[in-house]
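Here is how the chains run, residue by residue.
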Amino acid sequence: MLGRVAYDNPYLLTEIDELFENGDVNNISRKEVIEGLITYIEKIENNGGNVYEALRHTLGLFYGVAGSKEWRRLITPPWKKGYSGKDILEEALRILPKESLAESELIMNS
């Protein structure tokens, strides 16, 4: 059932390293996840791929925190005419709540 939970709340996977990496916690923030996605999405676009097919797996990135509804709205087509995947992700970084973007504390222990 971990797969279903991870699909609904992919940010939960930041806690997995703690179980396997000598107890080290992965402190990546949602902002850092989105910044990393920009490069990935650009590669997909440059190869003629479907950006939404990649982004749809991040629908739950803001599960349970402020900005969740706005994130889902942003990454779900239709998009503004002429918008690239990079544009969508950069807009997300501009408009989503800063506290949710910066959050990197453990979810299960909060």
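Residues numbered from 1 in each chain as written. Predicted model: local features only at pLDDT ≥ 70, side-chain atom pairs only at ≥ 80, totals over all residues. Heavy atoms only, no water.

- An unreviewed UniProt entry lists the protein chain under the name Dihydrouridine synthase (Dus), with Orenia metallireducens given as the organism.

A closer look at the overall build of the protein chain
(1) Moving on: The number of helices and strands found in the protein chain is seven helices and zero strands.
(2) Moving on: Here the protein chain has a C-alpha radius of gyration of 14 Å; the compact-globule value for 110 residues is 13 Å, and the two agree.
(3) Moving on: On the principal axes, the C-alpha backbone points of the protein chain span a range of 45 × 30 × 25 Å.
(4) Moving on: Relative to its 110 residues, the protein chain shows a buried fraction of 33%.
(5) Moving on: Sequence-distant contacts, at least 24 apart, represent 62% of the contacts inside the protein chain between residues at least 6 apart.
(6) Moving on: Of the roughly 6900 Å² of accessible surface on the protein chain, 52% is carried by carbon and sulfur atoms.
(7) Moving on: Here the protein chain contributes 13 positive and 18 negative side-chain charges, whose respective centroids are spaced 10 Å apart. (Helix = DSSP H or I, 4+ residues; strand = E, 2+ residues; numbered from the N terminus. Rg over C-alpha atoms; globule rule 2.2 N^0.38 Å. Buried < 20%, exposed > 50% of the residue type's maximum accessible area, 1.4 Å probe, protein only. Contact = heavy atoms within 4.5 Å. Areas by Shrake-Rupley, 256 points an atom, 1.4 Å probe, with all protein chains shown as cover. Lys, Arg positive; Asp, Glu negative; His and termini not counted. Charge placed at Lys NZ, Arg CZ, Asp CG, Glu CD.)

Structural notes on unusual backbone geometry
(1) Moving on: A cis amide bond links P77 with the next residue in sequence, P78, at an omega value of 5°.
(2) Moving on: With respect to the helices, strands and loops of the structure, P78 is situated in the loop between α5 (68-75) and α6 (85-95).

Observations concerning the side chain of S29
(1) Moving on: Positionally, S29 belongs in the loop between α2 (16-20) and α3 (30-46).
(2) Moving on: With near-sequence residues (within four places) excluded, S29 lies in contact with Y11, L101, A102, E103 and S104.

What about the confidence of the model for the protein chain?
(1) Moving on: Taken as a whole, the protein chain shows an average pLDDT of 88; of its residues, 93% reach a score of 70 or greater.
(2) Moving on: Below a pLDDT of 50 lies the segment residues 106-110, which in the model reaches 11 contacts outside its immediate sequence neighbourhood of four places, other chains included. (pLDDT = per-residue confidence, 0-100.)

Comments concerning α6
(1) Moving on: G85, I88, L89, E91, A92 and L93 are the residues of α6 that are buried.
(2) Moving on: Next to the buried residues of α6 lie α3, α4 (51-55), α5 and α7 (98-102).

A short note on the nonpolar core
(1) Moving on: Ranked by internal contacts, the top residues of the largest apolar core, which has 21 residues, are I34, I41, L55, F62, W71, L89 and L96.
(2) Moving on: Elements represented by at least two residues in this core include exactly α3, α4, α5 and α6.
(3) Moving on: With five residues, α3 is the largest single contributor of residues to this core.
(4) Moving on: Excluding residues within four positions of it along the chain, L96 makes contact with I34, F62, G67, E70, W71 and L101. (Core = buried A, V, L, I, M, F, W, Y, C linked by side-chain atoms within 4.5 Å.)

Overview of the packing of α3 against α6
(1) Moving on: Relative orientation of the contacting elements α3 and α6 amounts to 170°, with a least axis distance of 8 Å. With respect to α6, the element α3 is oriented roughly antiparallel. Between α3 and α6, the residues in contact are K31, I34, E35, L37, I38, I41, E42 and E45 and G85, K86, L89, E90 and L93, respectively.
(2) Moving on: Here the residues of the contact of α3 with α6 are counted per class, giving six nonpolar, one polar and six charged. (Axes fitted to C-alpha atoms, helices over the stretch in contact; angles between N-to-C directions. Parallel < 35°, antiparallel > 145°, perpendicular 65-115°, else oblique. Nonpolar A, V, L, I, M, F, W, Y, C, P; charged D, E, K, R; others polar.)

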